[in-house]
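# Fold and contact review
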Amino acid sequence: MARKYFGPDGVRGRVGEAPITPDFVMRLGYAAGKVLVAAEHKARHSERPAVLIGKDTRVSGYMLESALEAGLTAAGVDVRLVGPMPTPGVAYLTRALRLQAGIVISASHNPFEDNGIKFFSAAGAKLPDAIESAIEAAIDAPMQTVAPREVGKVKRLDDAAGRYIEFCKSTFPTDLDLRGLRIVVDCAHGAAYHIAPHVLHELGAEVIAIGAEPDGFNINDRCGATHTAALSQAVREHKADLGIALDGDGDRLMMADAQGEIADGDRLLYVIASHLKESGALKGGVVGTLMTNLGTELALKRLGCDFVRAQVGDRYVLELLQQNGWQLGGETSGHILCLDKHTTGDGIVSALQVLAALRRSGKALADYAKDCPHFPQALINVKVSKGFKLDDRKAVWDAVAQVEAELEGEGRVVLRPSGTEPLIRVMVEGRQAAQVRQATERIAEAVRASAEA
């Protein structure tokens, strides 16, 4: 079934424009509630379902939370509110509290003007396609509130942050601590602002928190995992041992070494894989994506790790991990999945796995970077109109073929549409930086010209 509302990461858009409007979100909540009520009745025939709602720090979260709450309770579903909570925290709490679903109000790394709704199953995983399709099918049906006695109740969980902090700490080895480390953590003025600093501090680190003063408008604004200059500067200024940057909803991770040099998701994936391989704890191989640097692939293969590429998106990384029965995968952007620790990507948990590797090995983050050199890579985002398709754009594919011939088998070209914005991402990778930049510009220009034709 073709998706009308759901994208790769739930329902997302600009606040006030369809579908991110109060009336639509209320109907979305009602539709989700009706689907969950049906599933719960089939499973238990008695208790009505309960759903957890968490959000990031965008000012629009208040409005959308209220709309979801109204729709769910009108469908006869109880609601548990946790306020600002990282996306992986919602996934964990949904599973730990044995609820029927979790809902996150967030647009992740996007600016505050955007927002979105994504769902987790009772197992703390993204909803199966069949359930999302059932919700979509129910959205446009008329709303009919349940009988007054059956209207859902709402309760706020005051200890949610503490529960999630303890969960994160539990993923770090009990025989290790972070004493003696000075760590800068950039929370992107997002959902982890009241979580990540406490986790690191309680494990023994001296913590310098930046991007931890959300005001509803400054989420991801020149800070966090998508704008790492602030982290690099803070690490150098405070003479920290390393830095950690999260995004607005806490599921992406970037890190900085003591010199402020950034380690992206590819390099961090290599650090974790190297540690697990050395200790004999790595189950199977490693999953990357089409964007994973070729240098990372070659470094993993030198370790004796199998490596496969998924489509871009943590959903597709997860699918390949599950198909292969593996535990570790991730994206260049910093989504890292450690399935032996959590059901979904978690920036804090992933950072703790990197820190465990550094503690066990005695190495610095910069030492791992030497073992995992990156091929020069250039990326250009080309704005296109909605619905633009690459398939039949001959001029674009002629430009791609010419560049691939010039790379002579020592590089890659990747063209892909963004899953959340009207963009075509053009990436070229090779051994020579100048050649890579020029080739990327040529292909991007071909895409641009084709889009304007």
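So, here's what we can say about the structure. (Residues numbered from 1 in each chain as written. Predicted model: local features only at pLDDT ≥ 70, side-chain atom pairs only at ≥ 80, totals over all residues. Heavy atoms only, no water.)

## Some words on the overall build of the chain
Put simply, the rule reads: Secondary structure elements are defined from DSSP: runs of H or I of at least 4 residues count as helices, runs of E of at least 2 residues count as strands, and each element is numbered from the N terminus. In this setup the radius of gyration rests on C-alpha atoms only. A globule is expected at 2.2 Å times the number of residues raised to 0.38. Relative accessibility thresholds used throughout: buried, under 20% of the residue-type maximum; exposed, over 50%; partly exposed, between the two (1.4 Å probe, protein chains only). Charged-residue counts in this description rest on Lys and Arg as positive and Asp and Glu as negative, His and the chain ends being excluded. In plain terms, the charge of a residue is placed at NZ if it is Lys, CZ if Arg, CG if Asp and CD if Glu.
Check the secondary structure of the chain and you find 14 helices and 18 strands. Relative to a compact globule of 453 residues, whose C-alpha radius of gyration would be 22 Å, the chain shows 22 Å and is just as compact. Considering only C-alpha atoms, the chain reaches an extent of 70 × 60 × 40 Å along its principal axes. By the burial criterion, 56% of the 453 residues in the chain qualify as buried. Taking the average place of the 52 positive charges on the side chains of the chain and the average place of its 58 negative ones, the gap between the two points comes to 3 Å.

## Comments concerning the environment of Thr73
Looking at the secondary structure, you find Thr73 in helix H2 (residues 61–74). Remark: the alpha-carbon pair of Thr73 and Val154, spanning 81 residues in sequence, is separated by 7.9 Å.

## Quick notes on the packing of helix H5 (residues 160–170) against helix H11 (residues 347–361)
For clarity, the threshold we go by: Axis definition: a line fit to C-alpha positions, over the contact stretch in the case of helices; interaxial angles, taken between N-to-C directions, run 0 to 180 degrees. Angle categories: roughly parallel below 35 degrees, roughly antiparallel above 145, roughly perpendicular from 65 to 115, and oblique for all the rest. Handedness of a crossing follows from how the near helix is turned relative to the far one, being left-handed for an anticlockwise turn of less than a right angle and right-handed for a clockwise one. Between two residues, a contact is recorded if the distance between any of their heavy atoms is within 4.5 Å.
Packing of H5 against H11 leaves a shortest axis separation of 9 Å and a crossing angle of 30°. Taken together, H5 and H11 sit at an angle that is classed as roughly parallel. Between H5 and H11 the crossing geometry is right-handed. From H5, Tyr164, Phe167, Cys168 and Lys169 reach across to H11, where they touch Ile348, Val349 and Leu352.

## Some words on the nonpolar core
Cut-off, in case you're wondering: Note on terminology: a nonpolar core comprises buried Ala, Val, Leu, Ile, Met, Phe, Trp, Tyr and Cys residues joined through side-chain atoms within 4.5 Å.
Core analysis: the largest hydrophobic core is formed by 65 residues, its most contacted members being Ile244, Leu328, Ile348 and Leu355. The biggest single contributor to this core is H11, with nine residues. Excluding its chain neighbours within four sequence positions, the residues that come into contact with Ile244 are Ile183, Val184, Val185, Asp186, Leu200, Leu231, Leu253, Met254, Met255, Ala351 and Leu355. Counting 28 residues, the second-largest nonpolar core is a separate cluster that includes Leu64, Ala67, Leu72 and Ile103.

## A closer look at H11
Structural remark: α-helix, 3.6 residues per turn; residues separated by three or four positions point the same way. Formally: To estimate how far a helix should reach, multiply one less than its number of residues by 1.5 Å.
With 15 residues, H11 should cover 21 Å at 1.5 Å per step; its first-to-last C-alpha distance of 21 Å lies within 8% of that length. Counting buried residues in H11 gives twelve out of 15 residues, a clear majority hidden from the surface. Buried within H11 we find Gly347, Ile348, Val349, Ser350, Ala351, Leu352, Gln353, Val354, Leu355, Ala356, Ala357 and Leu358. Two residues or fewer past H11, Gly362 is found with a positive phi of approximately 80°.

## What to know about a nonpolar patch on the surface
What counts here: Like-charged residues are merged into a patch within 9 Å and nonpolar side chains (Val, Leu, Ile, Met, Phe, Trp, Tyr) within 5 Å, provided each residue has over 30% relative accessible area and no salt bridge. Each accessible area is a Shrake-Rupley result for a 1.4 Å probe, and residues are judged covered by the shown protein chains and nothing else. Note on definitions: salt bridges are taken to be side-chain nitrogens of Lys or Arg within 4 Å of carboxyl oxygens of Asp or Glu.
On the surface, a cluster of nonpolar side chains totalling about 320 Å² of accessible area is made up of Val59, Tyr62 and Phe217. Along the chain, Val59 falls in the loop between strand E2 (50–55) and H2.

## Focus on unusual backbone geometry
Cis rather than trans, the peptide bond between Ala18 and Pro19 has omega equal to 10°. Here Pro19 is to be found in the loop between strand E1 (11–14) and helix H1 (22–44). The phi dihedral of Arg98 falls on the positive side, at around 60°, and the residue is not glycine. Along the chain, Arg98 falls in the loop between helix H3 (87–96) and strand E4 (101–105). Relative accessible area serves as the criterion here: at 62%, Arg98 is assigned to the exposed category.

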